[in-house]
Amino acid sequence: MAGLQCCQNPPDISLSSGSGCVEEIGGLQSYVSGSLESKLGILLVSDVFGKVVGELAKSGDLKAIVMMHPSLVTVDDIKVSIDFSVRNDKCKFSEIKVPISILGAEVDQLSSPELVKQFEQVLQTKSDQVPSFVKIFNGVEHGWTVRYEIENKEAVEHAEEAHANMLELFSKYVK
């Protein structure tokens, strides 16, 4: 269930929003941009689908993950999960396998700073296997990276810093 913060200050969907188009992908309306000739892509899964991103990070199908103001993600989603349903009494271990960045907001009812710090503690135990970066942005609310007033210089600076963190991770690991 989405929180009130998810519904405040909705994004601007207008002709000036970008150079892509909306297409149906996997039954979902998706904003798509970029060259059709590209061999790599960046997948943006937003807000209430944060839990899905955690599972994708365990699949090994993606090269890197960035969670900005994650929603519905628990510490158990970040930890190793064990599937006991595998036959022959064998367990299947599932853990985050790709570089991950988690960017949290100081004011967030869905992923509090305390919860984001717990994510960081879990990821630090795997730092020799999986690169990670976790940061809590002071003075911002849930959704600050995509829903902000462009006239508010401080809000723009916070969003641009988060975008730079995201691009840095992708530039380093998506090749």
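Before going into details, it helps to say that this report is about the structure given with it.

About the cut-offs
- Residues numbered from 1 in each chain as written.
- Predicted model: local features only at pLDDT ≥ 70, side-chain atom pairs only at ≥ 80, totals over all residues.
- Heavy atoms only, no water.
- Pairing = 2+ DSSP bridges.
- Helix = DSSP H or I, 4+ residues; strand = E, 2+ residues; numbered from the N terminus.
- Axes fitted to C-alpha atoms, helices over the stretch in contact; angles between N-to-C directions.
- Contact = heavy atoms within 4.5 Å.
- Buried < 20%, exposed > 50% of the residue type's maximum accessible area, 1.4 Å probe, protein only.
- Polar contact = N/O pair within 3.5 Å; in protein donor to acceptor, adjacent residues only side chain to side chain.
- Core = buried A, V, L, I, M, F, W, Y, C linked by side-chain atoms within 4.5 Å.
- Phe/Tyr/Trp six-rings, centres within 6.5 Å; stacked < 30°, edge-to-face > 60°.
- Lys NZ or Arg CZ within 6 Å of the ring centre and 35° of its normal.
- Right-handed = clockwise from strand over helix to strand, strands pointing away.

1. Considering the sheet that holds strand β3 (residues 65-68)
Logical step 1: If you trace the 3 strands from one edge of the open sheet to the other, you get β3-β6-β7, paired in parallel fashion. Each end of this open sheet is capped by a strand with a single partner; those strands are β3 and β7 (132-141). Across the sheet, the axes of successive neighbouring strands diverge by a mean angle of 15°, strand direction being ignored.
Logical step 2: Set on the sheet, helix α5 (residues 153-173) makes contact with β3, β6 (100-107) and β7; between it and β7 the angle comes to about 170°.

2. Looking at the side chain of H142
Logical step 1: Along the polypeptide, H142 turns up in the loop between β7 and α5.
Logical step 2: Relative accessible area serves as the criterion here: at 4%, H142 is assigned to the buried category.
Logical step 3: A polar contact is formed between the side chain of H142 and the side chain of D108, at a distance of 2.8 Å.

3. Considering the environment of A57
Logical step 1: Relative to the helices and strands, A57 is located in helix α2 (residues 50-59).
Logical step 2: Residues A57 and I78, 21 residues apart in the sequence, show an inter-C-alpha distance of 9.2 Å.
Logical step 3: Look past the residues within four positions of A57 in its chain and what remains in contact with it is I65, E95, I96, K97 and V98.

4. Points about unusual backbone geometry
Logical step 1: Of note, H69 is a non-glycine position whose phi angle comes to about 40°, a positive value.
Logical step 2: A residue is classified by how much of its surface remains accessible, and H69, at 3% relative accessible area, is buried.

5. Details of the nonpolar core
Nonpolar side chains in soluble globular proteins generally cluster together in the buried interior.
Logical step 1: Formed by 18 residues in total, the largest nonpolar core has its most connected members in I65, I78, I96, I102, F119 and L123.
Logical step 2: Broken down by secondary-structure element, the contributors of at least two residues to this core are α2, β3, α3 (75-78), β6 and α4 (113-124).
Logical step 3: For this core, the element with the highest residue contribution is α4, accounting for 5 residues.
Logical step 4: Ignoring any residue separated from it by four or fewer positions in sequence, one finds L123 in contact with I78, I96, I100, I102, S132 and V134.
Logical step 5: Residues L103, A162, M166 and L169 belong to the second largest nonpolar core, which totals 13 residues.

6. Remarks on the packing of aromatic side chains
Logical step 1: For the structure on display, the rule yields 1 aromatic pair.
Logical step 2: Ring geometry for F137 versus W144: centroids 5.0 Å apart, planes at 40°, classification tilted.
Logical step 3: Its end group placed over the ring of F137, K135 keeps NZ or CZ at 4.6 Å from the ring centre.

7. A short note on the pairing of β6
Logical step 1: Of all 8 residues in β6, 6 are buried; the element is thus mostly enclosed.
Logical step 2: As paired elements, β3 and β6 share 4 bridges and run parallel to each other. Within β6, the residue paired with M68 across the bridge is L103.
Logical step 3: Across 7 bridges, the pairing between β6 and β7 is parallel. Opposite L103, over in β7, you have K135 as the bridge partner.
Logical step 4: Crossover β6 to β7 through α4 is right-handed.

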